[in-house]
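Here is what each chain is made of, one letter per residue.
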Amino acid sequence: MNEAHVSRMGTAQDRGAGGAEPPKPGSARARFIDYVRAPASNRPVVSPFLPKPDVLAATLRHLSLPVTDDPIADEIELARAVDYEPMFMVGCTQFIFPWVQDEAGSDADTKLHTLETSAGTWTCRLPRDLTMGSTEASFPVQSEADHHYLQAACAGVVNQEDAIRDHFRKWRRQVGDEGVIVIGHVNPWWLAHQIGQATWFLHWHDFEATYRRSMDATYEASLFIFDIALQEGFDFMSASGLGLEMTSPDMYAAMDVPCLRDYARWTHDRGGLFWYHNCGRTARFFENGDLSSVEADVLETVAPPPAGDNELADARSQLRAETCSKGNLDLGLLRDGTIEQVTAATASGVEATRGSAHIHSTADAVLPGTPPENFLAALQMARSMTA
């Protein structure tokens, strides 16, 4: 990665971003940021992770509140009613890899996707019943030659500045101070989701130097986007990673940790906050200090079994005090358990982290079909115990 923590692509021009004003004191956005920066001096944050639109709508109806069918507006309405601090996540990899479907080059059985780069036209032809990234063979990076196209595509992100800035600015204006905005994950070790898991193991083994160049190119492209996000008032830069269900300790240490540290330092050098998401089996990474070494400001989701392998109190005790942990209510329990079970699990999480920097949340995105009674039980219990 870039040891100087400065993008070799340069810095996007600061155009006096319309959404970059500091948050209004007392707003949900301010409460969230204030807690992360000084947890001992502020009320703990309650913030479910990306509840699905059907859950938001059902919960609003349960409370006899209006439903707009705009998930952003609906969550803002619900957060005000229940007194929690929402977070919103905005993706950005589409600006690095703006694939288009070439109808002229497609046929009855296949779709041709193309991406223009300085190295030529990168192509990905798939059966019509597959979407890009839906199977191992449907990711665009399949050969060493594809890495060269990927690296060229990353360099081309500078041509997307106006589109990136407009997209981010619209998001900041829509959310306002009603919640924090976290930039979606680029993940250089996964080449911004342009390669499948099994393929990346093989490519790392067969041509590691090429793979590292692709990681570096993805990282540089993401810094260009992060710079715009900070200018446009986004609150957290972020990355995500895999647990031991999908990687090995050695690969995690070689691929993920150095880049995560660079991301955090780059963000902190600019006065920003860094958010790390890992919803897998991460207990070993807590125990061996990998996660503390990242120096993230927020670390989620401390996933419990069966999705993860973490016990919240243990994980929290092994994490550096300056990092806010976030999580870790089990999604299956939240959807399928009784109100009493949900309430007890939430209360247990509050007690397990009392006195530590912790944001009360779920172990990943709230599942579709989660009953509003259960969702409200978790939010209300967490808030009542931290008010």
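Scroll up to find the structure this text is about.
Quick caveat: nothing in here was measured; it's all calculated off a predicted structure.

> Looking at this model, I keep getting lost on the overall build of the protein. Mind explaining?
Per the secondary structure count, the protein includes 15 helices and 10 strands. Seen through its C-alpha atoms, the protein measures out along the principal axes to roughly 60 × 45 × 45 Å. In the protein, once contacts between residues fewer than 6 apart in sequence are set aside, the share between residues at least 24 apart is 75%. Carbon and sulfur atoms form 51% of the exposed surface of the protein, whose accessible area is close to 15400 Å².

> Hey, could you run me through the environment of Val 180 in this one?
Here Val 180 is to be found in strand β5 (residues 180-183). Separated by 41 residues in the primary sequence, Val 180 and Ala 221 place their C-alpha atoms 23 Å from one another. Excluding its chain neighbours within four sequence positions, the residues that come into contact with Val 180 are Arg 29, Phe 32, Ile 33, Pro 86, Met 87, Phe 88, Asp 235 and Phe 236.

> What should I look at first to understand the environment of Cys 124 in this one?
Within the secondary structure, Cys 124 sits in strand β4 (residues 120-127). Residue Cys 124 is classed as buried on the basis of its relative accessible area, which comes to 6%. Sequence spacing of Cys 124 and Lys 111 is 13 residues, and the spatial spacing of their C-alpha atoms is 8.3 Å. When sequence neighbours within four positions are dropped, the list of residues in contact with Cys 124 reads Trp 99, Lys 111, Leu 112, His 113, Met 132, Ser 138 and Pro 140.

> What exactly am I supposed to notice about the packing of helix α2 (residues 53-62) against helix α3 (residues 71-82) here?
For any two helices packed against each other, the geometry comes down to the angle between their axes and how far apart the axes lie. Relative to each other, α2 and α3 sit at 45°, their axes nearing to 9 Å. As the angle between them shows, α2 and α3 are arranged oblique. Both α2 and α3 take part in a crossing whose hand is left-handed. Here Pro 53, Leu 56, Thr 59 and Leu 60 of α2 come into contact with α3, specifically with Pro 71, Asp 74, Glu 75, Glu 77 and Leu 78. Taken together, the residues of the contact of α2 with α3 sort by class into five nonpolar, one polar and three charged.

What counts, and where the lines are drawn
- Residues numbered from 1 in each chain as written.
- Predicted model: local features only at pLDDT ≥ 70, side-chain atom pairs only at ≥ 80, totals over all residues.
- Heavy atoms only, no water.
- Helix = DSSP H or I, 4+ residues; strand = E, 2+ residues; numbered from the N terminus.
- Contact = heavy atoms within 4.5 Å.
- Areas by Shrake-Rupley, 256 points an atom, 1.4 Å probe, with all protein chains shown as cover.
- Buried < 20%, exposed > 50% of the residue type's maximum accessible area, 1.4 Å probe, protein only.
- Axes fitted to C-alpha atoms, helices over the stretch in contact; angles between N-to-C directions.
- Parallel < 35°, antiparallel > 145°, perpendicular 65-115°, else oblique.
- Left-handed = near helix turned anticlockwise from the far one by under 90°.
- Nonpolar A, V, L, I, M, F, W, Y, C, P; charged D, E, K, R; others polar.

All quantities given are derived from atomic positions and should not be read as evidence of function.
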